[in-house]
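Fold and contact review
These are the residues of each chain, in order.
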Amino acid sequence: MGVRGLQTFLEQYCPSACYWVKIAELAAKYKEETGKEPVIAVDAQSCYGLWCKGLDWVIGFEIQEFLHRLRMFVESFTKVGVKIVFFFGGLTVEKKRASWIGRRRRNLRDIYDVVGILEKGTLTKDLPERYASLPPTMGIFTSMFLKYILGCEVYMTIEECDEEIIEYVHKNDCFAIFAQDSDFLASDIKCAVLSSKNFNMGTMTTLLYEREVLAKILRIRTDQLPLLAVLAGNDLIDFEILKGFHCSICGIKFENNVKFDMLMPAIGRYINKLPDQPIDELLKTISIDVFGDESALGLIKACYNSYLVQETPKITNPATKWSRVLQIARFRHRNVLTPAAIWGVLSNQVFELAVTFEDLRRANNNRVRANSFIPSATVTRLLRQKMYGILLYEYEHLADVEIKEWCGENEDSYLQPVIVKPVEPTVHHPGLLQLWSDNNSDRHIQMKWKLFLSSISPNITSVNEWTALTEDLVAISAALFYLFEQEFFSGFEMNAAMATVATFSLYSRERLETLYYGPHNSRATHISVAVIRTFSMVIMLMAACGYPVPLSGDLVFIKFEAKLFQIKYKDMKQRKTVEEMCENDERCIAVFNQMRKALSRATRKSKRNTNRKPQPSENDQKQTEDQAQTAESKEA
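Only a predicted model underlies this, so the values are computations on that prediction, with no experimental measurement involved.

1. Points about the nonpolar core
- Trp 51, Phe 86, Phe 351 and Phe 452 are the most contacted members of the largest nonpolar core, which has 139 residues in total.
- Sort the elements by how many residues they give to this core and helix H24 (residues 522-544) lands first, with 14 residues.
- Excluding residues that lie within four positions of it along the chain, Phe 452 makes contacts with Val 474, Ala 478, Val 538, Leu 541, Met 542, Cys 545 and Pro 548.

Shown next as structure tokens:
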């Protein structure tokens, strides 16, 4: 959220502190004056609106289009001689948990509204833009796409994202910050702040926010801007609890709303009249003036300090084995060698999932019947518990460990966490330091494979079918295997998913852009969300096991286009053969068969679903269709 109202105040009332600039000209001037390469620190979270605008977010993920947009974004800066460094926020810090929960609850309400709109026959492409949300597991995919496919410098933050960006720009003398967080305007930085929201990639122009000019307008010093943030309200100090103080300094009645063009100058006047005291004494004075006593002093200090340059806390007592594990895990997290969830589990024993397009009012967590609406967070819980078991296997008090999961599973989700226990591995675990070492011997790789596959399913007893897969098929095949064994979908539906992956190579980004699938199928959408989310958790599990398959762009690039799956799902319902769903392309049929071989143990009990040309009985097919139709009709 940033400093409440500060962006509005700047953009609407301070033209001298907020104006359009050409990034190429700014960068050239900077290089001429300093002789240094212009480096921009990018707050990746603020760019999702730019990268995802117009994507068909309801049905899952438009992978190729999204990657194309990332590539165009990176190349647009490279062409004007600017290096960009990306920062992604890791786990939500607990002091901001309330704000995070509030956003998740609002996301759920928006999804319920969208379900109602779709029930009236609206196409997903015609949904109002205000409801746009992110596809599942966006953070994992984006950070890894940028690093392992596009070759960018990418960091995952340990604490607050904005605080670590500030630390980075100070240490590396960056040219600018590219973001949409007004917290940067109140922070102790010397570089320019460029707006990501107002960025035009075609012209390479955007708004520049001037901290120094803002301070002059408010008649305060730049080093007093953190006090402005404290007194205006932000993620730590709620705007509502400051209303009485705001009305008082603005001279208006409490029941009236305070306009930002009145409030910001009033806060500036208040700061100007503060006594000349050391900062600790000054914050006591503010606590008394705002809250009537010193009860909020701790909160005010934490808020104020968050705007100052601070070193990211280091791991203490590295002599112990567990501290060494944390030290290595921290390095791997920071440098995007593992998804952020790994560090969250190891450091805080917390796991969180953002909201994705699932109508949790229909959640059936007890699996009363096949194909009932099982939320993706619920069906993947066992996979997470096995990952926890691998990560915390060496933890001294493993028996007492309880993981707090903040995941969307029903209407009351995000009110409080679900508490789960780790599931210990059933095969040899050599320790995380050994798993994460550079040992590439055949014996060591086989050990990683066995630990990984035993976590997918105890029924996978042979590694050979899996090591025969190409790198790009391992994670998606494991995700489908897991979901099928959990009875999440039928063999017919899994065939449609495998055909989607197998035919990926036939569809260019341009062809996918024009692909029309008609009204979205709610059952297909639910499967897409679950497949994509399970894929991301398979990548997490692989990271915990030290990557039996080397970490690369091929491994993390999921070849499961949600648009295409809508088509394949309809093909499945029309009883098309595997060859037909693979569009009679020999290479695609070969990929399908390669995946099917690896998944054969999961589907052995349903051989009729895995024949090359499946010919299901009328009753079998009717049952599958009835189940899918029942799931769809439940929305109405």
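Structure's up, so let's keep going.
2. Points about the pattern of salt bridges
- On inspection of all chains with the given rule, the structure shows 28 salt bridges.
- Note that Asp 223 and Arg 221 form a salt bridge whose closest N and O atoms lie 2.9 Å from each other.
- Under the relative-accessibility criterion, Asp 223 is labelled partly exposed at 46%.

3. Examining the pairing of strand E5 (residues 176-179)
- Residues Ala 176 and Phe 178 line one face of E5 and the alternating positions Ile 177 and Ala 179 line the opposite face, and both faces are buried.
- Summarising the sheet, strand E2 (residues 39-43) and E5 pair through three bridges and their orientation is parallel. Residue Val 42 lies in a different strand from E5, and its bridge partner there is Phe 178.
- Sheet analysis places E5 next to strand E6 (residues 192-195), joined by four bridges and oriented parallel. Counted as the bridge partner of Ala 179 is Ser 195 from E6.

4. What to know about the sheet that holds strand E10 (residues 418-420)
- Spatial ordering of the open sheet is given by E8-E9-E10, a layout of three strands whose pairing is mixed. Whereas interior strands pair on both sides, the edge strands pair on one side only; in this sheet they are strand E8 (350-352) and E10. Across this sheet, the average inter-strand angle for adjacent strands is 25 degrees, counted without regard to direction.
- Bridge count for strand E9 (residues 403-406) against E10 is three bridges, and the pairing is antiparallel.

5. Remarks on the side chain of Glu 167
- Within the element layout of this structure, Glu 167 appears in helix H7 (residues 161-172).
- Once you skip the residues sitting within four places of it in the chain, Glu 167 turns out to touch Val 309, Gln 310, Glu 311 and Thr 312.

6. Some words on the sheet that holds strand E1 (residues 18-22)
- The mixed open sheet is built from seven strands, whose spatial order is E1-E7-E6-E5-E2-E3-E4. If you trace the sheet from one side to the other, it starts and ends with E1 and strand E4 (153-156), each paired once. The average angle at which neighbouring strand axes cross in this sheet is 30 degrees, direction not considered.
- Judged from the four bridges that link them, strand E3 (residues 83-88) and E4 form a sheet pairing that is parallel.

7. Notes on unusual backbone geometry
- The phi dihedral of Thr 137 is positive, around 55 degrees, even though this residue is not glycine.
- Along the polypeptide, Thr 137 turns up in the loop between helix H5 (97-119) and helix H6 (138-149).
- For Thr 137, a relative accessible area of 11% puts it in the buried group.

8. Some remarks on the packing of helix H10 (residues 243-250) against helix H11 (residues 260-272)
- At their nearest, the axes of H10 and H11 sit 9 Å apart, and the two run at 80 degrees to each other. Comparing the axis directions of H10 and H11 gives the class roughly perpendicular. Across the interface between the two elements, Phe 245, His 246, Ile 249 and Cys 250 from H10 touch Met 262, Leu 263, Ala 266, Ile 267 and Tyr 270 from H11.
- Grouping the constituent residues of the contact of H10 with H11 by class yields eight nonpolar, one polar and no charged.

9. Topic: the packing of aromatic side chains
- Counted by the stated rule, this structure contains 33 aromatic pairs.
- Ring plane angle 20 degrees and centroid distance 5.5 Å describe the contact between Phe 77 and Phe 199, whose orientation is recorded as stacked. Residue Phe 77 is located in helix H4 (residues 63-79), and its partner Phe 199 is located in the loop between E6 and strand E7 (205-209); the two are separated by 122 residues in the primary sequence.
- Overall, Phe 77 belongs to the buried group, its relative accessible area being 0%.
- With a centroid separation of 5.8 Å and 35 degrees between ring planes, the pair formed by Phe 141 and Phe 145 is classed as tilted.

10. Focus: the side chain of Gln 64
- With respect to the helices and strands, the residue Gln 64 is situated in helix H4.
- Residue Gln 64 is classed as buried on the basis of its relative accessible area of 17%.
- Among all residues touching Gln 64, those that are not within four sequence positions of it are Phe 504, Tyr 507, Ser 508, Arg 509, Leu 512 and Glu 561.

11. Structural notes on the pairing of E2
- The buried count for E2 comes to five of five residues, which makes it a mostly enclosed element.
- Examined bridge by bridge, E2 and E3 share five bridges and lie parallel to one another. Note that in E3 the partner of Val 39 across the bridge is Lys 83.

12. A few points about the environment of Pro 226
- Note that Pro 226 resides in helix H9 (residues 225-232).
- Pro 226 has contacts with Ala 186, Tyr 304, Tyr 307 and Leu 308, leaving out every residue within four places of it along the chain.

13. A few points about helix H1 (residues 6-13)
- Considered for burial, the residues of H1 that qualify are Leu 6, Phe 9 and Leu 10. The buried side chains of H1 occupy one side of the element, clustering within an arc of 95 degrees when seen end-on.
- In this structure, the buried residues of H1 make contact with E1, E7, helix H8 (211-218), H9 and H11.

Cut-off values and rules
Residues numbered from 1 in each chain as written. Predicted model: local features only at pLDDT ≥ 70, side-chain atom pairs only at ≥ 80, totals over all residues. Heavy atoms only, no water. Core = buried A, V, L, I, M, F, W, Y, C linked by side-chain atoms within 4.5 Å. Buried < 20%, exposed > 50% of the residue type's maximum accessible area, 1.4 Å probe, protein only. Helix = DSSP H or I, 4+ residues; strand = E, 2+ residues; numbered from the N terminus. Contact = heavy atoms within 4.5 Å. Salt bridge = Lys/Arg side-chain N within 4 Å of Asp/Glu carboxyl O. Pairing = 2+ DSSP bridges. Axes fitted to C-alpha atoms, helices over the stretch in contact; angles between N-to-C directions. Parallel < 35°, antiparallel > 145°, perpendicular 65-115°, else oblique. Nonpolar A, V, L, I, M, F, W, Y, C, P; charged D, E, K, R; others polar. Phe/Tyr/Trp six-rings, centres within 6.5 Å; stacked < 30°, edge-to-face > 60°. Arc of directions from axis to C-beta.

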